[in-house]
Amino acid sequence: MTEKETINIQHFYNQTVEIADRLYANQPQGYEQFAQYVPQLQEFILPLLMDEQSRVLTEQLIQGLVKAYQIQNVTQMADLMHGELMNLIRARLNGQENAVTAKDPESVTGNDEFNADTIDQGMHKIHHEVDKSYYQKNLEAMEDHKPALYKYFKQIHEKVDENDQTILMDGNGSIAIKKQDDWWYVNSVRNSEYAARIWGGNMDDIRYNNTIVLCGMSNCDYIREVISKMTKDNALVIYEPDYRVFAMNMLYTDISDILTNDNCFLLVDGVNLHKLSDCLSSLVNANTMKYTLFYASPGYDVAWSEELAEFMERCKKIFENIQLLDNTIVLKSQNVNYNVIMNLKFLMNGSTIDELKNTFEQNHVLDVPAIIVASGPSLDKNISYLSKAKNKAFIIATDSALRMLMKYEIMPDIIVTLDPDKERILFSDDRVNDIPMLYSVHATYDILENNRSRKFIYSNMEFLDKLMRNMNKQISIINPGGSVANAGFAAAQYLGFKRIMMIGQDLAFTDNKKHASVVYKEKEYTEGEEPGLTTIEGQDGTMLTTYMNLKNYRDWYENVIEFNPQLHVINATEGGALIHGADHCRLIDAIEKYCDKTVDFKKIIDQADDTFAEEEKDAFITTVEQYRDECEKVAQMTRDCSAKYDQLAACENEKQVKAIDKEIQKLVDQMEHSSTMEFISYYARRVENKATSDLYDSDDEIEHAVWKDIAARGKMVVESYESYAAKTGELFAQSLTELRKAR
């Protein structure tokens, strides 16, 4: 071989490595480069082969590469290039005559026999022949650390067909699935850990505020690669669109490290994907959801493209609902912060929704229906029948429906209230103050203060979750879906009711009215008078006028119904929007058919335990004192940060900028780790939005004017933080006064 030939082959070898690694990384450039690479391969390699056997096998190799390219199986392409093809090129460089038999032991650490040909020939170990000793270990890990997933998995794991010849696993844990007559590898079978490392090298740097969503378990090497880059503050949501892949990993490989990782959350289609909204809502808020990083394990974006597209659309809608709720909070930040902090005394002396759930389960009452009473205009048509369901269904009243209920002398079993500044006229009848309340953490303080009955809180705020963890207590997160009626529905579902009825849930204008007759004093809707309108399909097939947010609430119902097939939802609203997936019927018919058991809910609710025992309340007050003191610490950090921004504005070169920016980021990270920062940020949200609205619009290199502008904007934000930290500290001090009185 001449020196020129050697140089050419070496160059071609390097090009092969580059393209193969880009394919492992699932980079589009690798797939695009490959299209130009194959003709070069045929033109360059075949003439160099010395014998007929090498030519035939190399032609077969090229055909395999082309087929993998046609179905976009990037992992198989990379495996063939990193394995047989690179062995062939290396052998040629080494001057071996029979190139195809040459092997480089360092390049082949996987399973040489597990490929499309050997699958078809049966030269593999099918999954039911693989050792299942890991299954019990995985099951125990799941039960201890992922009890909700364990519950759902136990319900359906018997459905796993161990003779299913469309999914196979070899002795190394490599998995192949047959889709549309082609075998798909969900991981590299040649060097899975290496492929995962190459893929991971293409990820963004993970910061403490990132939540990572990974679509595709594969053989879990990609999961472990992500985990290796995470900190204790990151969360990883793993979505597996094919239940069989999850089952194979559970049955035949050791995934206990993932199952015991409390920062990992598994969502599997056909198992627990219906919990996606609850999962994301517990991990991100309107501030942090923009830091969510989405990735797909190589091949999943092609083989399960429809499932991933649907998953991403669901995530988008969940984020929209989170933003809708946050918009309300930001508009009413003064009320939100006041309510959350002042409502702490109701938490100390009250109960959570978890205690209510435990009581219902112990009394075996969940086989009766729950009825959600909303305040849509159709409520006038059928509210009179609701009295027939008293003590035969768990009646959950939205706060806006209370006046109608009082008019008809119907006492609901519980009131659900959500808004931070609810109209007080809804609670003007003193009888409502003797009805138990289910409330969000930021519900209106004086409404709760006036209520004389039992109060049950649910979580929809990170601060409350941290507080309860600090107290070694549990509080469940309820995704309110954006409206008080959605919140009531979500609560009924969490409590365990298997049949939920709805009335007054029009979600559209009926006879040009927005609410039932005795709710608010409001004008009838006049076409064209209000912005934000759209249309929605009615129960009778006509298109009804509605608000965009009401349509989002309808979408929320449909999403919950779709992913909870065991839940029987009856829309007994006599008019309004069609809710797909729900049965639609008259209220009186539903009551006569399903309300046939008598239950004393008042007596049962009174049996619910308090969250905190008397001896725990002093520790609760001490924790709140720590939050008060923490506000001053944050204020000092903002002052330090402000001084750093002054230094940033005075920097003369990029090196100085990077050094000061690193110090600023450290201070910002410390502030954002504070439990009180959520309140401070609510207060300052308008300032934050103003400061960052166009900050990153330019792609120009860092210049002096740019970092002076950044310094000015940053200083404006942290100075607002300082004043709001003081304001938040004053609120905690006010709350402590009330807590000590209530103690």
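Residues numbered from 1 in each chain as written. Predicted model: local features only at pLDDT ≥ 70, side-chain atom pairs only at ≥ 80, totals over all residues. Heavy atoms only, no water.

Draft legend 1. Layout of the overall build of the protein. When helices and strands are counted, the protein shows 29 helices and 18 strands. Each of the 743 residues in the protein was classed as buried or not, and the buried ones make up 55%. Counted over contacts in the protein with a minimum sequence separation of 6, partners at least 24 positions apart contribute 72%. Of the roughly 32700 Å² of accessible surface on the protein, a fraction of 47% belongs to carbon and sulfur atoms. (Helix = DSSP H or I, 4+ residues; strand = E, 2+ residues; numbered from the N terminus. Buried < 20%, exposed > 50% of the residue type's maximum accessible area, 1.4 Å probe, protein only. Contact = heavy atoms within 4.5 Å. Areas by Shrake-Rupley, 256 points an atom, 1.4 Å probe, with all protein chains shown as cover.)

Draft legend 2. Looking closely at the nonpolar core. One finds Met81, Met217, Leu236, Phe246 and Met250 to be the most contacted residues of the largest nonpolar core, which totals 92 residues. Those residues in contact with Met250 that lie beyond four places of it in its chain are Tyr134, Tyr135, Asn138, Leu139, Met142, Phe153, Ile255 and Leu259. (Core = buried A, V, L, I, M, F, W, Y, C linked by side-chain atoms within 4.5 Å.)

Draft legend 3. Representation of empty space enclosed by the protein within the structure. Overall, the coordinates contain two cavities of 30 Å³ or more when judged by the stated rule. Its volume calculated, the largest cavity comes out at about 40 Å³. Every residue along the wall of the largest cavity is listed here: Asn285, Ala286, Asn287, Asp326, Glu678, Tyr682 and Arg685. It is helix H28 (residues 677–692) that contributes the most residues to the lining of the largest cavity, three residues altogether. (1 Å grid on protein atoms, 1.4 Å probe; cavity = no way out; pocket = protein on both sides within 12 Å on 5 of 7 lines; lining within 4 Å. Points joined across faces, edges and corners; volume = space filled by probe spheres on them.)

Draft legend 4. Structural view of the pattern of salt bridges. For the coordinates displayed, the defined rule picks out 42 salt bridges. Close ionic contact of Glu409 with Arg431 constitutes a salt bridge, the shortest N to O distance being 2.9 Å. Pair noted here: Glu409 is in the loop between helix H19 (402–407) and strand E11 (414–417) and Arg431 is in the loop between E11 and strand E12 (437–440), with a separation of 22 residues, a long-range link. The partner of Asp646 in a salt bridge is Lys715, with the nearest N and O atoms 3.2 Å apart. Of this pair, Asp646 sits in helix H26 (residues 617–649) while Lys715 is found in helix H29 (residues 704–742), placing the two residues 69 residues apart along the sequence. The partly exposed category is assigned to Lys715, whose relative accessible area is 22%. (Salt bridge = Lys/Arg side-chain N within 4 Å of Asp/Glu carboxyl O.)

Draft legend 5. Structural detail: the confidence of the model for the protein. Overall, the predicted model of the protein reaches an average pLDDT of 86, with 89% of residues at or above 70. Residue range residues 97–128 is modelled with pLDDT below 50. Its contacts to residues more than four positions away, or to other chains, number 80 contacts. Scored below 50 in pLDDT, residues 695–702 shows five contacts in the model against residues more than four places distant or in partner chains. (pLDDT = per-residue confidence, 0-100.)

Draft legend 6. Examining helix H1 (residues 3–24) more closely. Under the 1.5 Å per step criterion, the end-to-end length of H1 is 31 Å for 22 residues, consistent within 8% with the ideal 32 Å. When H1 is considered as a whole, its buried residues turn out to be Ile9, Phe12, Tyr13, Gln15, Thr16, Ile19, Ala20, Asp21, Leu23 and Tyr24. Positioned one or two residues after H1, Asn26 has a phi angle of 60°, which is positive. (Expected span 1.5 Å × (residues − 1).)

Draft legend 7. Structural detail: the packing of helix H6 (residues 134–145) against helix H10 (residues 243–252). Axis separation between H6 and H10 bottoms out at 6 Å; the angle between their running directions is 110°. Classed by the angle they form, the pair H6 and H10 counts as roughly perpendicular. Facing Tyr134, Tyr135, Asn138, Leu139 and Met142 of H6, the residues of H10 in contact are Phe246, Asn249, Met250, Leu251 and Tyr252. Of the residues in the contact of H6 with H10, the class split is eight nonpolar, two polar and no charged. (Axes fitted to C-alpha atoms, helices over the stretch in contact; angles between N-to-C directions. Parallel < 35°, antiparallel > 145°, perpendicular 65-115°, else oblique. Nonpolar A, V, L, I, M, F, W, Y, C, P; charged D, E, K, R; others polar.)

Draft legend 8. Examining the packing of aromatic side chains more closely. Scanning the entire structure with this criterion turns up 29 aromatic pairs. With a centroid separation of 4.7 Å and 70° between ring planes, the pair formed by Phe463 and Phe679 is classed as edge-to-face. Of this pair, Phe463 sits in helix H21 (residues 462–470) while Phe679 sits in helix H28, and the two are 216 residues apart along the sequence. For the pair formed by Phe463 and Phe679, the shared burial category is buried. Look at Phe509 and Tyr547: their rings are 5.1 Å apart centre to centre, the planes differ by 85°, and that puts the pair in the edge-to-face class. Of the two residues, Phe509 sits in the loop between strand E14 (499–503) and strand E15 (533–537) while Tyr547 sits in strand E16 (residues 543–547), which places them 38 residues apart along the sequence. (Phe/Tyr/Trp six-rings, centres within 6.5 Å; stacked < 30°, edge-to-face > 60°.)

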